[in-house]
Amino acid sequence: MLRGDRVLLRAITKEDLVPLHRLNDDVETAAGATTTPWVPETIDQVIAHYEGRKPDPANVDFAIQSLSGDLLGSGNVWGIDTLNRNGHLGISLLPEARGHGYAPDALRLLCDYAFRIRGLNRLGLETLATNSAMIAAAEKTGFRREGTLRKHAWVAGSFVDEALFGLLASEFNDLRTTKDL
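The rules behind each value
Residues numbered from 1 in each chain as written. Predicted model: local features only at pLDDT ≥ 70, side-chain atom pairs only at ≥ 80, totals over all residues. Heavy atoms only, no water. Buried < 20%, exposed > 50% of the residue type's maximum accessible area, 1.4 Å probe, protein only. Helix = DSSP H or I, 4+ residues; strand = E, 2+ residues; numbered from the N terminus. Arc of directions from axis to C-beta. Phe/Tyr/Trp six-rings, centres within 6.5 Å; stacked < 30°, edge-to-face > 60°. Lys NZ or Arg CZ within 6 Å of the ring centre and 35° of its normal. Pairing = 2+ DSSP bridges. Axes fitted to C-alpha atoms, helices over the stretch in contact; angles between N-to-C directions. Parallel < 35°, antiparallel > 145°, perpendicular 65-115°, else oblique. Left-handed = near helix turned anticlockwise from the far one by under 90°. Contact = heavy atoms within 4.5 Å. Nonpolar A, V, L, I, M, F, W, Y, C, P; charged D, E, K, R; others polar. Core = buried A, V, L, I, M, F, W, Y, C linked by side-chain atoms within 4.5 Å. Salt bridge = Lys/Arg side-chain N within 4 Å of Asp/Glu carboxyl O.

Attention now goes to helix α5 (residues 132-141). Burial in α5 covers these residues: M134, I135, A137, A138 and T141. For α5, the angular spread of buried residues about the axis comes to 165°, placing them on one side. Residues of α5 that are exposed and point more than 90 degrees away from the buried face comprise S132, A133 and K140.

Laid out in structure tokens, this is it:
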């Protein structure tokens, strides 16, 4: 388990699947959170996928939990390239956990895992340009906006710009020592 100021990152358990399944039922959020088309899934399909999964060191999923034990959502370090030592981050919070300041702490812990434990040098974070909450959390964590992919994401019937962010291990370490992230 990785512990931050407000959240813990831990392995996703079978008990987490039902509450996390609500994220897939929120079509607008789910469609904007992945590069694959949204498809409806039953909880039985989700459980079957969970039970049949194999560890994938290139894509690591975490449950995000409050320090008091409430499940808040999920996060991942994905697309890990061990040759070039880079990867990407993503989080998705349950509706009741949004707007309470959990996202920056979750992102910091994912960065800590990626940089300190996995030895990565660079992390990317991509989000819809309309996702002001994720943009604010990324910037608060130290990510720098690196660009915009114009009309890059097809979300619920229209193209949306995607904002690209990056963070280097040296920048994260500097922020930790100067700002006590």
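What follows concerns the packing of aromatic side chains. All chains considered together, the criterion is met by 3 aromatic pairs. On the numbers, 4.8 Å between centres and 65° between planes, the contact of W154 with F159 is edge-to-face. Residue placement shows R53 over the ring face of Y50; its charged tip is 3.9 Å from the ring centre.

A separate point is the sheet that holds strand β2 (residues 7-10). Overall, mixed pairing links the 8 strands, which are arranged β1-β2-β3-β4-β5-β6-β8-β7 in an open sheet. Of all the strands in the sheet, just β1 (2-3) and β7 (144-155) have a single pairing partner and so form its edges. Summarising the sheet, β7 and strand β8 (residues 158-168) pair through 8 bridges and their orientation is antiparallel. Looking across to β8, one finds that R144 is bridged to G166.

Moving on: the packing of helix α4 (residues 102-117) against α5. Contact geometry of α4 with α5 gives a least axis separation of 9 Å together with a crossing angle of 50°. Taken together, the axes of α4 and α5 lie oblique to each other. Our pair here, α4 against α5, has a crossing hand that is right-handed. Judged by residue contacts, A103, P104, L107, R108 and C111 of α4 engage M134, A137, A138, K140 and T141 from α5. Looking at the contact of α4 with α5 residue by residue, the class counts come to 7 nonpolar, 1 polar and 2 charged.

Turning next to the nonpolar core. With 36 residues, the main nonpolar core has I64, V77, L89, C111, F115, L123 and F143 as its most contacted residues. If one sorts the elements of this core by residue count, α4 sits on top with 10 residues. Look past the residues within four positions of I64 in its chain and what remains in contact with it is V7, L8, L9, D70, L71, L72, G73, S74, G75, I91, L93 and A106.

Within this structure, the stated rule accounts for 8 salt bridges. Of the charged contacts in the structure, one is a salt bridge between R98 and D26, with a shortest N-O distance of 3.9 Å. In this pair, R98 sits in the loop between β5 (86-93) and α4 while D26 sits in the loop between α1 (17-25) and α2 (27-32), placing the two residues 72 residues apart along the sequence. With relative accessibility at 33%, the residue R98 sits in the partly exposed group. We classify D26 as partly exposed; its relative accessible area is 25%. Between D112 and R116 there is a salt bridge, with the nearest N and O atoms lying 2.9 Å from each other. Taken together, the positions of D112 and R116, both in helix α4 and 4 residues apart, correspond to about one turn of that helix. Take D112: its relative accessible area is 9%, and that puts it in the buried class.

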